[in-house]
Amino acid sequence: MLFPDYRPRRLRQNENFRRMIRETRLSVDNLILPMFSVEGKGVRNPIDSMPGHYQLSVDNVVKEAKAARDMGIPAVMLFGLPDRKDALATSAYAKDGIVQKTVRTLKKKVKDLVVITDVCLCEYTDHGHCGVVEGDTIDNDASLDLLARTALSHAQAGADMVAPSDMMDGRVAEIRDALDQNGFASTPIMSYAAKYCSAFYYPFRQAAESAPKFGDRRTYQMDPANSLEAVREVAMDVEEGADIIMVKPALAYLDVISRVREEIDLPIAAYSVSGEFSMIKAADKLGWLDGKKIMMESLVAIKRAGADMILTYFAKEAAKELRKD
Ligand code: PBG
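Remember, predicted model here, so these are calculated numbers, not experimental data. (Residues numbered from 1 in each chain as written. Predicted model: local features only at pLDDT ≥ 70, side-chain atom pairs only at ≥ 80, totals over all residues. Heavy atoms only, no water.)

Points about the environment of Gln-55
Topologically, Gln-55 is positioned in strand S3 (residues 54–57). Taking the C-alpha atoms as reference points, Gln-55 and Thr-105, 50 residues apart in sequence, are found 17 Å from one another. Polar contacts involving the side chain of Gln-55 include one to the side chain of Glu-209, which spans 3.2 Å. (Helix = DSSP H or I, 4+ residues; strand = E, 2+ residues; numbered from the N terminus. Polar contact = N/O pair within 3.5 Å; in protein donor to acceptor, adjacent residues only side chain to side chain.)

Quick word on the packing of helix H9 (residues 274–286) against helix H10 (residues 291–305)
It is at 9 Å that the axes of H9 and H10 come closest, and there the two elements cross at 155°. Accordingly, the angle class assigned to the pair H9 and H10 is roughly antiparallel. Crossing hand, H9 versus H10: right-handed. Here Glu-276, Ile-280 and Asp-284 of H9 lie close against H10, whose contacting residues are Gly-291, Ile-294, Ser-298 and Ile-302. (Axes fitted to C-alpha atoms, helices over the stretch in contact; angles between N-to-C directions. Parallel < 35°, antiparallel > 145°, perpendicular 65-115°, else oblique. Left-handed = near helix turned anticlockwise from the far one by under 90°. Contact = heavy atoms within 4.5 Å.)

Here we look at the packing of aromatic side chains
Per the counting criterion, the structure on display carries nine aromatic pairs. For the ring pair Phe-36 and Tyr-313, a centre distance of 6.3 Å and an interplane angle of 5° mean the geometry is stacked. One end of the pair, Phe-36, is in strand S1 (residues 31–38); the other, Tyr-313, is in the loop between strand S12 (309–312) and helix H11 (315–324), with 277 residues separating them in the sequence. Each member of the pair, Phe-36 as well as Tyr-313, is classed as buried. Residues Tyr-196 and Tyr-253 carry aromatic rings whose centres are separated by 4.4 Å and whose planes lie at 25° to one another, so their mutual orientation is stacked. Taken together, the residues span a long stretch of sequence, with Tyr-196 in the loop between strand S9 (190–195) and helix H6 (202–207) and Tyr-253 in the loop between strand S10 (244–248) and helix H8 (254–263) at a distance of 57 residues. Here Tyr-196 matches Tyr-253 in class, with each residue buried. Taken together, the ring pairs connect Phe-36, Phe-79, Tyr-192, Phe-204, Tyr-271, Phe-277, Tyr-313 and Phe-314 into an aromatic cluster. Over the face of the ring belonging to Tyr-201 we find Lys-195, whose NZ or CZ atom lies 5.6 Å from the ring centre. (Phe/Tyr/Trp six-rings, centres within 6.5 Å; stacked < 30°, edge-to-face > 60°. Buried < 20%, exposed > 50% of the residue type's maximum accessible area, 1.4 Å probe, protein only. Lys NZ or Arg CZ within 6 Å of the ring centre and 35° of its normal.)

Some words on H11
Side chains of residues three or four places apart in an α-helix project in the same direction, reflecting 3.6 residues per turn. Looking at H11, one finds that the buried residues are Ala-315, Ala-318, Ala-319, Glu-321 and Leu-322. Along the axis of H11, the buried positions cluster into a sector of 165°, meaning they face one direction only. Within H11, the exposed residues directed more than 90 degrees away from the buried face are Lys-320, Arg-323 and Lys-324. Contact partners of the buried residues in H11: S1, H10 and S12. (Arc of directions from axis to C-beta.)

Set out below in structure tokens:
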């Protein structure tokens, strides 16, 4: 079809036409709100680089989670900041660990909300790596048991879904096995399947106090230059029993989301990470762009690329915008 026979502008001339032909629709159903839980009571420490986000004690997590639920947000993702860190991340899988306590309280006090837990060791190890350290390397196989114990303890505390983000090889199978053998065959796994070694996590590491004390995460997280490898990583997690697979970060990896969408028929989550949030907030604060518009455009783009759900620090703000429509 060529001009002048075809004029694409015919169907752009008013909002009703535009609504009728709109291909992608963002809904509050697609949003998941990440939250940071700390020990204590009445704690609400602002995270400087992430305006509107806080390290919250359990009582305040409950308030925040209720507010999210009341806005129609179906799920939250919990991260924990423990009091105590050690080489083997023992507070990651302790019965009274911070995430376990928070989940127990949330499930008691907030109905109709899916509670997902991030399963990783980096917030709980004194060295800040996502697995067990042997000399100066991260020992893959020695980490698997600890990750499985962590996931199981989250399920025992009442988590509706567990989300391993460590990027150790084989952890999805190990976690599936531990869940199945202990009566949690119905607990789904959302696997951070294609997780890149990204500088976009910078604000998060301040929020979660989880920056590695030596080296970086390049030996376990993916090289940003690779996308074929993402397909292999995702296929592997599907084989191992993942129920939802995730691509992370989101905005700089839309091609990866789109590629994975073509290859895999499971639901796809995209994690729009802390740095994506902070960049928009910073530019908005400077008056250099319209933060709200960039937020909505970015979220719709992530969905257009093929994500079914989006983990985003904008969840509440976006829910508010969507309600206005
Ligand atoms: C834990 C984890 C990280 C994020 C989610 N889970 C940090 C990391 O891998 O260094 C990053 C989330 C964000 O930046 O918003 N491994």
